Amino acid sequence: MQRASLCCIVVLLALLACGTGPGPDQAPFGDFDPTTTLWYAQPADKWENSLPVGNGRLGAMVFGKTDEERIQFNEETYWSGGPYSQTVKAGHKALPEIQRLIFAGEYQKAHKQFGRNLMGYPVEQMKYQSFGDVLLKFSAAGAVTDYSHRLDLKQALVTTTYHQNGIQFKREVLVTPLDQVIVVRLTADKPGQISCVVNLRGYRNQAHSNYATDYFRMDGYGRDGLMLQGKSADYLGVEGKLRYYGRLKAVPEGGRMRVDDTDLIIQDADTLTLFIAAATNFVNYRDVSGDAEVRVEAVFEALRNKDYNRIKQEHIRAHQQLFDRVSLNLGTTPDSYAPTDERRKNYDGRSDPNLAALCFQYGRYMLISSSRPGTQPANLQGIWNKDMNPSWDSKYTTNINTEMNNWPAEVGNLSECGLPLFQMIRDLSDQGSDVAKEHYGARGWVFHQNTDIWRVAAPMDGPDWGAFNAGGAWLCTHLWEHYLYTGDKKFLREFYPILKECVEFFLDFLVEHPEYGWLVTNPSTSPENFPDWPGNDTFYDEVCGWMSPGTTICTGSTIDMQLLRDLFSYVVEAAGILEVDRDFRQEVLAIRERLAPMQIGKNGDLQEWLEDWGQKENSHRHISHLYGLFPGNQISLRRTPELAVGCRVVLEQRGLEGNGWSSAWKMGCWARLQNPEKAMDNFHYYIQHYTFDSLYAICSRTLQVDGLFGVSAAVAEMLVQSHENELYLLPALPVPWNSGEVKGLRARGGFELEMIWEESRISSALIRSILGKTCRLRVRQPVEVTSEGQSVPIVTTPDGLISFETEPGRIYSIKPQRQR
């Protein structure tokens, strides 16, 4: 450890002697790129600080220990329960009375009736589960020096190296998307030095004996392996229908190997490679007829005659086909080469610009690792979870978290990684149509605040959370965003019925407000925030069995109206592009015009509710009514300046506190308001208060991935914005990033961007047109446009917006206008 620290100090002194570090076009100092590397001078002290690898289906957390290594792993389809429904038949019969109570201001009475008649049953949902641990107990003892534990984002590889007893040991861990297996490789710089006992251990739910009907068995497998098999837990009356199977195979070079019950014993090997495969019988949310053991055996059969080096190189190539599409350099300093935990602790908002670049790339890496075509979308913890009773069940929470998980997909040039979310939306429309019919007496489909792998869609947990019925509408905005970035008309035609049926639900559900005449949702909530209206006092909630601080139930919350305004607009535009449903378009447009408008309250803030209420919690983590600013596009500094000021008042009032995903959301909002200093204040606070040393985001002391994904998207939003039918370059560039370079960001309209800037001004930019659309460009300096050495005619508006026609596949060069 001491030698590692000394080496770090020597490197830093050398960097200080050289100045502030390389420019955007120079290679970084040291033996690694600080924008794509996390490294530590000691093993992880807890699971939250271990390093993640994954292939979308399998995920592993690597501790990097030298006495007994632990690699905890997950398989994305291992959940409690089995196929089930929460739909309550004929619940809609109580809806008119609930709506009457809400319009009469009897919100707590409405809350009670909602709980009795419209809540799904069971009230809660299923849990994402941990699959197992691989443990390696090493025979070697003695002092450890020169220790390094590293995650290379470019290679999707965790590497642990150290010296012990004069021997250099090295471990590599990867999860290949091609061979569908976790691989652990152990080597030493002298022969015969690898001796260890390997165990493959399962998990059981010990905390809840009333439903701990899960079980597992651990056994040896032949002369070279271990196996783990078991059953998922029954929960909430839902039978555990999943069967799972995992197998570990050891391939040593030299030495001796034997299996003794559940111990795999390696002695005096030169190298050791472990392959871990895992599967369940899950086919889809309705079908569990698969065979986990057959699936695992197929993985090992496909691995025949493949050595480690080939598997590793093929894995790296597959990963880099996605990851290498984008690079970002915001400026390297000596601090950039410190161990990542020290980088985090020492960061002051200015000292290490490339820490933001690392977070940006880490978000992209995590999305690649947890959400690939053919897998499930990333849940609250991605695909990494050590608990049988994880916080919030590690499900899909759709009042911000699931959506935020997918924010980096399009702008980060990872469009394919959004496909699992789109499939989930399709799945949700199944039970969602039953819920629409039975709970609301409506056509179409509806989805609320949470779901699990079984794609249930009814209100859950309690009225304060479950009454948010615009979750499906929010998810549908991602379908439209995908079209805006890709121009994929086949995709739009495929998903148009899903969009249309979501609109049909709200056409039936919206009701006229008896006082204002606007069309509103009723019941409604502004997610998880308790309004401070007179009489919204603490009461005992019979659904949750707790003293509730009040009720969140209301009518026509601002986020509901914003989401529906977007949803209706997108469906109308989609129908026009596809040349279908002319009469339906007109109906939707007429209804959209009657939606309750956004309003400015007495304190100058954008109102969160239809009425000008305060909030019971001063610095609430949710800023739901700012959806219209970000990620939506209804509030703009240029188009709606009064509403933009109202958003600024809200952000100032909410401050920096919240949690990881809240900081990320505020970063994005401040970027849209073109206030880079405030965006950086939130990034700095996020790093200091809402990240583990592993740079995983924190939500109420729990590891979650949403904040990391949100920060990744917010960093991109500070560099380029395309939501207003234009490419705005460097719209919110903070002073610490005054020089930098980015390659590969995507923009709406089908453009890919590369740019270099110095002293906060564009030096050069390249725009690749994918779809051949008109490019509208906003830059805070005069520029000229060329393509293939020829000047491109441009049209400039009085406010400085320039536009030019493009051709598909052609690249357009943007440079500062030369002095004439």
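Bear in mind the structure is a predicted one, so any value in this text is a computation, not a measurement. (Residues numbered from 1 in each chain as written. Predicted model: local features only at pLDDT ≥ 70, side-chain atom pairs only at ≥ 80, totals over all residues. Heavy atoms only, no water.)

## Details of the side chain of Arg343
Logical step 1: Note on placement: Arg343 falls in helix H6 (residues 340–346).
Logical step 2: At 2.7 Å, the side chain of Arg343 forms a polar contact with the side chain of Asp352.
Logical step 3: Setting aside chain neighbours within four positions, we find Arg343 in contact with Pro34, Thr37, Asp335, Ser336, Ala338, Asp352, Asn354, Leu355 and Leu358. (Helix = DSSP H or I, 4+ residues; strand = E, 2+ residues; numbered from the N terminus. Polar contact = N/O pair within 3.5 Å; in protein donor to acceptor, adjacent residues only side chain to side chain. Contact = heavy atoms within 4.5 Å.)

## Some points on the layout of surface pockets
Logical step 1: Approximately 1,000 Å³ is the volume attributed to the largest pocket.
Logical step 2: Lining the largest pocket are 49 residues, and of these Glu481, Leu484, Ser722, His723 and Arg748 sit closest to its centre.
Logical step 3: Taken together, the elements giving at least two residues each to the lining of the largest pocket come down to helix H9 (407–411), helix H10 (419–440), helix H12 (471–486), helix H14 (558–578), helix H19 (706–719), strand S28 (720–721) and strand S30 (740–747).
Logical step 4: The class makeup of the residues in the lining of the largest pocket is 20 nonpolar, 15 polar and 14 charged.
Logical step 5: What the second largest pocket holds in volume is close to 640 Å³.
Logical step 6: Together, 30 residues line the second largest pocket, and Trp392, Gln449, Asp461, Trp465 and Glu528 are the ones closest to its centre. (1 Å grid on protein atoms, 1.4 Å probe; cavity = no way out; pocket = protein on both sides within 12 Å on 5 of 7 lines; lining within 4 Å. Points joined across faces, edges and corners; volume = space filled by probe spheres on them. Nonpolar A, V, L, I, M, F, W, Y, C, P; charged D, E, K, R; others polar.)

## Let's talk about the sheet that holds strand S15 (residues 263–269)
Logical step 1: Strands sit in the order S2-S3-S4-S5-S10-S15-S14 across an open sheet of 7 strands; the sheet is antiparallel. The open sheet terminates on both sides in strands that have one partner only, identified here as strand S2 (51–54) and strand S14 (256–260). Between one strand axis and the next, the sheet turns through 20° on average, direction left out of account.
Logical step 2: Both S2 and strand S3 (residues 58–62) contribute to a ladder of 4 bridges, which runs antiparallel. Bridge pairing in S3 places Val53 opposite Ala60. (Pairing = 2+ DSSP bridges. Axes fitted to C-alpha atoms, helices over the stretch in contact; angles between N-to-C directions.)

## What about the confidence of the model for the protein?
Logical step 1: Overall, the predicted model of the protein reaches an average pLDDT of 95, with 96% of residues at or above 70.
Logical step 2: Low pLDDT, under 50, characterises residues 1–29; the predicted model gives this stretch 40 contacts beyond four residues in sequence or across chains. (pLDDT = per-residue confidence, 0-100.)

## Some thoughts on the pattern of salt bridges
Logical step 1: The full count for this structure, using the stated rule, is 54 salt bridges.
Logical step 2: The salt bridge partner of Arg247 is Glu297, with a shortest N-O separation of 3.0 Å. A residue pair is termed long-range when its members are at least 10 positions apart, and Arg247 in strand S13 (residues 243–253) and Glu297 in helix H4 (residues 292–302) qualify at 50 residues.
Logical step 3: Using a relative accessible area of 6% as the deciding quantity, one classes Arg247 as buried.
Logical step 4: With relative accessibility at 25%, the residue Glu297 sits in the partly exposed group.
Logical step 5: Across the pair Glu512 and Arg594 runs a salt bridge, and its minimum N-O distance is 2.7 Å. Here Glu512, found in strand S20 (residues 511–512), pairs with Arg594, found in the loop between helix H15 (582–592) and strand S25 (614–615); they are 82 residues apart in sequence, far enough to count as distant.
Logical step 6: Given a relative accessible area of 34%, Arg594 falls into the partly exposed group.
Logical step 7: Shared partners join several salt bridges into a network, and the residues in it are Arg638, Arg639, Glu724, Glu726, Arg778 and Asp799. (Salt bridge = Lys/Arg side-chain N within 4 Å of Asp/Glu carboxyl O. Buried < 20%, exposed > 50% of the residue type's maximum accessible area, 1.4 Å probe, protein only.)

## Examining the packing of H12 against helix H13 (residues 489–509)
Logical step 1: Following both chains from N to C, one finds H12 and H13 inclined at 155°, their axes separated by 10 Å at the closest point. It follows that H12 is roughly antiparallel to H13 by the angle criterion. Note that H12 runs across H13; the crossing there is left-handed. Contact with H12, carried on its side by Gly472, Ala473, Cys476, Leu479, Trp480, His482 and Tyr483, involves Lys489, Phe491, Leu492, Phe495, Ile498, Leu499, Cys502 and Phe506 of H13 and no other residues of that element.
Logical step 2: Broken down by class, the residue content of the contact of H12 with H13 amounts to 12 nonpolar, 2 polar and 1 charged. (Parallel < 35°, antiparallel > 145°, perpendicular 65-115°, else oblique. Left-handed = near helix turned anticlockwise from the far one by under 90°.)

## A word on the nonpolar core
Logical step 1: Counting 236 residues, the largest nonpolar core has Tyr362, Leu567, Phe568, Trp665, Phe683 and Met755 as its most contacted members.
Logical step 2: Residues in contact with Met755, not counting those within four places in the same chain, are Leu719, Leu729, Leu730, Gly740, Glu741, Val742, Ile762, Ser764 and Ala765.
Logical step 3: Formed by 16 residues, the second largest nonpolar core is a distinct cluster that contains Val181, Phe275, Ala292 and Phe300. (Core = buried A, V, L, I, M, F, W, Y, C linked by side-chain atoms within 4.5 Å.)

## Section: the pairing of strand S38 (residues 811–816)
Logical step 1: In this structure, strand S32 (residues 761–769) lies alongside S38, joined through 4 bridges in antiparallel fashion. Within S38, the residue paired with Ala765 across the bridge is Ile814.
Logical step 2: When strand S34 (residues 783–787) meets S38, the two strands line up antiparallel, connected through 4 bridges. Within S38, the position partnered with Glu784 by the bridge is Lys815.

## Considerations on the sheet that holds S38
As a general point, the strands of a sheet are linked pairwise by backbone hydrogen bonds and lie either parallel or antiparallel.
Logical step 1: Read across the open sheet, the 7 strands follow the order S17-S30-S31-S32-S38-S34-S35; overall the sheet is antiparallel. Each edge of the open sheet is held by one strand with a lone partner, namely strand S17 (327–329) and strand S35 (790–791).
Logical step 2: Packing of helix H7 (residues 354–370) onto the sheet brings it into contact with S17 and S30, and relative to S17 it is tilted by some 165°.

## Points about the packing of aromatic side chains
Logical step 1: A full pass over the atoms with the stated rule returns 37 aromatic pairs.
Logical step 2: Pairing Tyr107 with Trp613 gives two aromatic rings, centres 5.6 Å apart and planes at 90°, and the pair type is edge-to-face. One end of the pair, Tyr107, is in helix H3 (residues 107–117); the other, Trp613, is in the loop between H15 and S25, and 506 residues separate them in sequence.
Logical step 3: Ring geometry for Trp474 against Trp665: centres 6.2 Å apart, planes inclined by 50°, an arrangement best described as tilted. Of the two residues, Trp474 is situated in helix H12 and Trp665 in helix H17 (residues 660–672); the sequence distance between them amounts to 191 residues.
Logical step 4: Exposure remark for Trp474: the relative accessible area of 0% places this residue in the buried category.
Logical step 5: These aromatic residues form a ring-pair network of at least three members: Trp407, Trp474, Tyr627, Phe630 and Trp665. (Phe/Tyr/Trp six-rings, centres within 6.5 Å; stacked < 30°, edge-to-face > 60°.)

## Some points on empty space enclosed by the protein
Logical step 1: Considering all chains together, one arrives at 2 cavities of 30 Å³ or more under this definition.
Logical step 2: Roughly 60 Å³ of internal volume is contained in the largest cavity.
Logical step 3: Every residue lining the largest cavity is listed: Leu629, Ile635, Ser636, Leu637, Arg638, Arg672, Gln674, Gln721, His723, Glu724 and Tyr728.
Logical step 4: In the lining of the largest cavity, the residues fall into 4 nonpolar, 4 polar and 3 charged.
Logical step 5: There is about 40 Å³ of room inside the second largest cavity.
Logical step 6: What lines the second largest cavity is simply Gly556, Thr558, Met561, Ala596, Pro597, Gln599, Gln607, Trp609 and Leu610.
Logical step 7: Grouping the amino acids of the lining of the second largest cavity by side-chain chemistry returns 5 nonpolar, 4 polar and no charged.

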